[in-house]
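# Commentary on secondary and tertiary structure
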Amino acid sequence: GKSLQLEDIAFNTNSSELLESAEPVLIRLREFLTLNADINVEIQGHVFKQGKTTADGMAVSEARAKRVMNYLISYGIDRKRLTAVGYGGIKPVFKNPTRAEEERANRRVEILIL
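Everything in this summary refers to the structure shown in the same document.

## Some details on the sheet that holds strand β3 (residues 82-86)
A sheet is described by the order of its strands in space; here four strands give the open sequence β1-β4-β2-β3, paired in mixed fashion. Two strands in the sheet have a free side with no partner beyond their single neighbour: β1 (3-5) and β3. Geometrically, the sheet is characterised by an average inter-axis angle of 20° between neighbouring strands, direction not taken into account. For β1 and strand β4 (residues 108-113), the ladder comprises three bridges, and the chain directions are antiparallel. Bridge assignment links Gln 5 to a residue of β4, and that residue is Glu 110. Against the sheet, helix α2 (residues 55-74) contacts β2 (41-46), β3 and β4, and its axis sits at roughly 160° relative to β3.

This is the structure:
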């Protein structure tokens, strides 16, 4: 039931295309799941669309979660252990962000251990 925010998993703006800087974090996640074969996870995508459930925000957040899931599958993690869900902007870390860092924190990928 623990949720882990994966810092440094970054995407191009309004896209599910991973930035190269995300690779080290994805490798650590992949290694963790390989070593803990009994753990199932929900990959949660979030975007900075404060308090909104816009169709675009929901679609981008889901596409980002699926991109991370597909990355893991491509390295041999069993698809049955993974779920990808997009939450758009409905679960912000900062409800009223005033700084760029707070907006970045709202744009994130989290892993929920099931």
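## Digging into the packing of aromatic side chains
Two aromatic rings are characterised by how far apart their centres lie and by the angle between their planes. Per the stated rule, a full pass over the model turns up one aromatic pair. The interplanar angle of 45° and the centroid separation of 4.9 Å between the aromatic rings of Tyr 71 and Tyr 75 together place this pair among those described as tilted. Using a relative accessible area of 10% as the deciding quantity, one classes Tyr 71 as buried. The lysine or arginine in question, Arg 30, covers the ring of Tyr 75, its NZ or CZ lying 4.0 Å from the ring centre. Above the face of the Tyr 87 ring, Lys 91 is positioned so that its terminal group lies 4.2 Å from the ring centre.

## Section: the nonpolar core
Ranked by internal contacts, the top residues of the largest apolar core, which has 22 residues, are Ile 9, Leu 33, Val 41, Ile 43, Val 68 and Leu 72. Within the residue set of this core, elements represented by two or more residues are α1 (23-35), β2, α2, β3 and β4. Here this core gets five residues from one element, more than from any other, and that element is α2. For Leu 33, the residues in contact, after removing those within four places along its chain, are Ile 39, Val 41, Leu 72, Ile 77, Arg 81 and Leu 82.

## Considerations on the pairing of β3
Burial of β3 is one-sided: the residues Leu 82, Ala 84 and Gly 86 facing one way are buried, the residues Thr 83 and Val 85 facing the other way are not. Across five bridges, the pairing between β2 and β3 is parallel. Considered in β3, the bridge of Gly 45 is made with Gly 86.

## Examining the environment of Arg 64
Considering the arrangement of structural elements, one finds Arg 64 in helix α2. Sequence separation between Arg 64 and Leu 112 is 48 residues, and the spatial gap between their C-alpha atoms is 15 Å. Ignoring any residue separated from it by four or fewer positions in sequence, one finds Arg 64 in contact with Phe 11, Asn 12, Thr 13, Asn 14, Ser 15, Ser 16, His 46, Val 47 and Arg 107.

## Looking at the pattern of salt bridges
Applying the stated criterion to the full structure yields five salt bridges. One salt bridge in this structure joins Glu 101 and Arg 99, with 3.5 Å as the shortest N-O distance. For Glu 101, a relative accessible area of 45% corresponds to the partly exposed category. The residue Glu 101 makes a salt bridge to Arg 104 at a minimum N-O spacing of 3.9 Å. Pair noted here: Glu 101 and Arg 104 are both in helix α3 (residues 100-106), with a separation of three residues, about one helical turn. We classify Arg 104 as partly exposed; its relative accessible area is 46%. If you follow the salt bridges from partner to partner, you end up with Arg 99, Glu 101, Glu 102 and Arg 104 in one network.

Reading the values: the criteria
- Residues numbered from 1 in each chain as written.
- Predicted model: local features only at pLDDT ≥ 70, side-chain atom pairs only at ≥ 80, totals over all residues.
- Heavy atoms only, no water.
- Pairing = 2+ DSSP bridges.
- Helix = DSSP H or I, 4+ residues; strand = E, 2+ residues; numbered from the N terminus.
- Axes fitted to C-alpha atoms, helices over the stretch in contact; angles between N-to-C directions.
- Contact = heavy atoms within 4.5 Å.
- Phe/Tyr/Trp six-rings, centres within 6.5 Å; stacked < 30°, edge-to-face > 60°.
- Buried < 20%, exposed > 50% of the residue type's maximum accessible area, 1.4 Å probe, protein only.
- Lys NZ or Arg CZ within 6 Å of the ring centre and 35° of its normal.
- Core = buried A, V, L, I, M, F, W, Y, C linked by side-chain atoms within 4.5 Å.
- Salt bridge = Lys/Arg side-chain N within 4 Å of Asp/Glu carboxyl O.

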